[in-house]
Amino acid sequence: MKHTRLALAALAALALTGCSGSGAGPEKGLGDPAKKDIAMRLVSSAENSTLDWKSQYGYIEDIGDGRGYTAGIIGFCSGTGDLLEVVERYTDKNPENALAAFLPALRAVNGSDSHEGLGDAFTDAWAKASKDPDLRAAQDAERDSEYFDPAVERAEADGLSALGQFIYYDAYVMHGYADAEGTVGFRTIRADAVAEADPPSDGGDEETYLNAFLDARVAALHEEPSHSDTSRVETAQRVFVREGKLQLETPLAWKVYGESFRITGD
């Protein structure tokens, strides 16, 4: 009986710590500020070639992907509507801002790669406005409401750890939720993954499921000529899955688009 009680106590301790006997602390998702910051740095390495995501509020250029201007901390685009939404949020908070005058042009170019009514005047105004805390807050709010929060919520429902939550979030950022002309969205990528492997919420193995999701994402990338480079998956996220970094444990080392990155410490 004594040995039975000890065994049960040990099992209970493992359940409470959320680990497999490694001595790690309780599992934390991307709702934890430190984990969220790691996720932001990982995305920034791909979107902006830097881990310093907080320096990217003023970033803006046309990267030739058919989405018009790409701007800000996660690459809001004039052609997909989220850049417009950022400026609308900013204008709601600060109606006299210098970007408000470009709202009609942003509405007109939505759905295209056109610069009509924007051009250097807009990019200069964006760079200057990025120093305003209100525009930074508008970018944060758009990122969270349209990408981060729904991705994490879906990942949690699928029983995924911090790594899985990040993988979903990055897919949301790059592909959007729904399919658009010439693109495959997160919704379809996830559906293809679920057809191949059960998520943990349905009793599946997490690493097996995440690899199925990444396979589906690679297939989606091959559908977009402007995003045909799969290193964002194969030499970054796939590496973390293979290493078993389900809690995004540091150190993390990866490559994306030919550049090497590393995060050390928590």
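1. Brief notes about the overall build of the protein chain
- Each helix and strand counted, the protein chain has 10 helices and 5 strands in total.
- Taken across its 266 residues, the protein chain has 48% of its residues classed as buried.
- Here the contacts in the protein chain between residues at least 6 apart in sequence split such that 56% fall between residues at least 24 apart.
- Within the structure as shown, the protein chain displays about 12,500 Å² of accessible surface, and the carbon and sulfur contribution to it stands at 50%.

2. Re the nonpolar core
- F122, W126, F166, Y169 and F213 are the most contacted members of the largest nonpolar core, which has 73 residues in total.
- Ranked by the residues each element gives to this core, the list is headed by helix 7 (residues 162-175), at 10 residues.
- Sequence-distant contacts of F213, that is, excluding residues within four places in its chain, are made with I167, Y168, A171, F186, I189, R190 and A193.

3. Let's talk about the packing of aromatic side chains
- On inspection of all chains with the given rule, the structure shows 13 aromatic pairs.
- Ring geometry for F122 against W126: centres 6.5 Å apart, planes inclined by 45 degrees, an arrangement best described as tilted. Linking F122 with W126, this pair stays in helix 5 (residues 119-129), spanning 4 residues, or about one helical turn.
- You can call W126 buried: its relative accessible area is 0%.
- These aromatic residues form a ring-pair network of at least three members: Y168, Y172, Y177, F186 and F213.
- The ring of F148 has K36 lying over it, and the distance from NZ or CZ to the ring centre is 4.5 Å.

4. Side note on the side chain of S161
- Tracing the sequence through the fold places S161 in the loop between helix 6 (133-157) and helix 7.
- At a separation of 2.7 Å, a polar atom in the side chain of S161 contacts the main-chain carbonyl oxygen of L246.

5. Some points on the pairing of strand 5 (residues 259-263)
- Of the pairings in the sheet, the one linking strand 4 (residues 252-256) to strand 5 comprises 5 bridges and is antiparallel in character. Opposite L252, over in strand 5, you have I263 as the bridge partner.
- The antiparallel hairpin formed by strand 4 and strand 5 contains 2 residues in its connecting segment, where Y257 sits at a positive phi of about 50 degrees.

6. Here we look at the packing of helix 7 against helix 10 (residues 231-242)
- Between helix 7 and helix 10, the shortest axis-to-axis distance is 10 Å and the interhelical angle comes to 160 degrees. Judged by the inter-axis angle, helix 7 sits roughly antiparallel to helix 10. As helix 7 runs across helix 10, the sense of the crossing is left-handed. Between helix 7 and helix 10, the residues in contact are L163, F166, I167, D170, V173 and M174 and R232, Q237, F240 and V241, respectively.

7. Let's talk about the sheet that holds strand 1 (residues 60-62)
- One open sheet holds the 3 strands; their spatial order is 1-2-3, and the pairing between them is antiparallel. Of all strands in the sheet, those bounded by a partner on one side alone are strand 1 and strand 3 (76-77).
- With 3 bridges connecting them, strand 1 and strand 2 (residues 69-71) associate as antiparallel partners. Considered in strand 2, the bridge of D62 is made with Y69.

8. Some details on the pattern of salt bridges
- Summed over all chains, the structure comprises 16 salt bridges.
- Its salt-bridge partner being K36, residue D144 comes within 3.2 Å of it at the nearest N-O pair. Highlighted residues: D144 in helix 6 and K36 in helix 2 (residues 33-48), separated in sequence by 108 residues.
- For D144, a relative accessible area of 18% translates into the label buried.
- The shortest N-O distance in the salt bridge between R89 and E142 comes to 2.8 Å. Remark: E142 occurs in helix 6 and R89 occurs in helix 3 (residues 82-93); sequence separation between them is 53 residues.

Rules of the game
Residues numbered from 1 in each chain as written. Predicted model: local features only at pLDDT ≥ 70, side-chain atom pairs only at ≥ 80, totals over all residues. Heavy atoms only, no water. Helix = DSSP H or I, 4+ residues; strand = E, 2+ residues; numbered from the N terminus. Buried < 20%, exposed > 50% of the residue type's maximum accessible area, 1.4 Å probe, protein only. Contact = heavy atoms within 4.5 Å. Areas by Shrake-Rupley, 256 points an atom, 1.4 Å probe, with all protein chains shown as cover. Core = buried A, V, L, I, M, F, W, Y, C linked by side-chain atoms within 4.5 Å. Phe/Tyr/Trp six-rings, centres within 6.5 Å; stacked < 30°, edge-to-face > 60°. Lys NZ or Arg CZ within 6 Å of the ring centre and 35° of its normal. Polar contact = N/O pair within 3.5 Å; in protein donor to acceptor, adjacent residues only side chain to side chain. Pairing = 2+ DSSP bridges. Axes fitted to C-alpha atoms, helices over the stretch in contact; angles between N-to-C directions. Parallel < 35°, antiparallel > 145°, perpendicular 65-115°, else oblique. Left-handed = near helix turned anticlockwise from the far one by under 90°. Salt bridge = Lys/Arg side-chain N within 4 Å of Asp/Glu carboxyl O.

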